[in-house]
Amino acid sequence: AVRTRYPALSQALLAGASGQLRNIATTGGNLLQRTRCLYFQDTSKPCNKREPGTGCPAREGAHRDLAVLGHSEECVATHPSDMAVALAALDADVVLHGPEGERTVPVTDFHRLPGDNPDADTVVRPGELVTDVTLPPLAHGTVSLYRKARDRASYAFALASVAAVLRVRDGRVEHAALAFGGLAHRPWRARAAEEILRGAPATDATFLRAADAELAQARPLRDNAFKVRLARHLAVDALAALTART
Ligand SMILES: Cc1cc2nc3c(=O)[nH]c(=O)nc-3n(C[C@H](O)[C@H](O)[C@H](O)COP(=O)(O)OP(=O)(O)OC[C@H]3O[C@@H](n4cnc5c(N)ncnc54)[C@H](O)[C@@H]3O)c2cc1C
Ligand code: SF4
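Residues numbered from 1 in each chain as written. Chains lettered and ligands numbered in written order. Predicted model: local features only at pLDDT ≥ 70, side-chain atom pairs only at ≥ 80, totals over all residues. Heavy atoms only, no water.

### Quick word on the site of ligand 2
Residues in close proximity to ligand 2 total 14 residues, the closest being Cys37, Cys47, Cys56, Cys75 and Val76. Taken together, the residues that form the shell around ligand 2 break down as 10 nonpolar, two polar and two charged. (Near = heavy atom within 4 Å. Nonpolar A, V, L, I, M, F, W, Y, C, P; charged D, E, K, R; others polar.)

This is the structure:
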């Protein structure tokens, strides 16, 4: 059912990790996995996310894989999940159950931007568990896909990725949802691009304009400006491929 109705999600899942990891990983665990920033993982190094107030060596150090959007002085990490990027474009909800009862959070609000407290990755409160992830039905004629650029064809996190959901009618975009992965501390829902896409002719020129409007917000670091161009091409390519199918 997921393959048929939500191909962006099945493609994102299959693009993640390796066969062995995918067979053991869980939906809750994948949403809650933490950053792959080298300094976060190396406990001999300072890191604001691991130990607030100790600094962010990645900002001047090894940050090729890290954020170009939404980062802060305190942290430039990215969220590693592929699945969450597809869920963001598909407008999924996360159901949380905790001591104060049940609540539902749109997946786009589930992960945080780092701000001045990057130690908190998500809005999950102490004692809460993810119990469900729900997907809304998509209107007839809606198509979706996930594209991921990485250093190796398997077993590698995204340098940049895009999940695109599109419905075209009479040559015009009726619905578009776009989310980027590998660019920010959370899946990056591309609202500025969507605004341009809605109602516009489904052409490469529109897709380029939309991608550029979104990525104008990017603030690349010394070694990761390539991610902006990569994301631009991934988005335009994904939208063009989906248009050809409608
Ligand atoms: C080498 C390697 C490469 C990888 N490559 C990718 C990749 O390319 N793309 C990708 O998306 N992922 C990738 N992953 C992540 C992998 O797919 C797993 O999702 C991730 O390692 C988390 O493992 P898990 O799902 O078993 O969760 P766990 O390790 O069991 O849990 C992770 C965290 O979530 C908490 N948690 C788990 N379930 C819940 C819940 N229901 N409610 C609340 N908290 C919960 C746990 O307490 C823990 O803190 C990679 C992992 C590795 C090790
Ligand atoms: S980018 Fe974030 S996770 Fe990495 S060193 Fe800086 S504070 Fe730590």
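### Regarding the pattern of salt bridges
Note that side chains of opposite charge can pair when their charged atoms are close. As enumerated under the stated definition, the model contains 18 salt bridges in all. A salt bridge links Glu194 to Arg189; the shortest N-O distance between them is 2.6 Å. Comparing Glu194 with Arg189, the two get one shared label, buried. Salt bridges sharing common partners tie together Asp91, Arg189, Glu194, Glu195 and Arg198. (Salt bridge = Lys/Arg side-chain N within 4 Å of Asp/Glu carboxyl O. Buried < 20%, exposed > 50% of the residue type's maximum accessible area, 1.4 Å probe, protein only.)

### Topic: the pairing of strand S5 (residues 160–169)
The side chains of a regular strand alternate, residue by residue, between the two faces of the sheet. Across the 10 residues of S5, nine count as buried, placing the element largely inside the fold. Pairing geometry for strand S4 (residues 143–149) and S5, over seven bridges, is antiparallel. Directly across from Leu145, in S5, lies its bridge partner Ala164. Pairing of S5 with strand S6 (residues 172–181) involves nine bridges; the strand directions are antiparallel. By the bridge assignment, Val165 is partnered in S6 with Ala177. From the end of S5 to the start of S6, which pair antiparallel, there are two residues, and Asp170 there has a positive phi angle of about 50 degrees. (Helix = DSSP H or I, 4+ residues; strand = E, 2+ residues; numbered from the N terminus. Pairing = 2+ DSSP bridges.)

### Describing the nonpolar core
In terms of nonpolar packing, the biggest core is built from 34 residues, with Leu69, Leu166, Leu178, Phe180 and Leu183 touching the most fellow members. For this core, the elements supplying multiple residues, two or more each, are S4, S5, S6, helix H8 (191–197), helix H9 (204–215) and helix H10 (226–245). Considering each element in turn, this core owes the most residues, eight residues, to H10. Residues contacting Leu183, with those up to four places away along its chain left out, are Ala67, Val68, Leu69, Thr78, Leu159, Ala160, Leu215, Lys227 and Ala231. (Core = buried A, V, L, I, M, F, W, Y, C linked by side-chain atoms within 4.5 Å. Contact = heavy atoms within 4.5 Å.)

### A word on the sheet that holds strand S1 (residues 93–98)
Spatially, three strands are ordered S2-S1-S3 in an open sheet, and the strand pairing comes out antiparallel. Sheet topology places strand S2 (101–106) and strand S3 (129–134) at the edges, where each strand pairs with a single neighbour. When the angles between neighbouring strand axes are averaged without regard to direction, this sheet yields 25 degrees. (Axes fitted to C-alpha atoms, helices over the stretch in contact; angles between N-to-C directions.)

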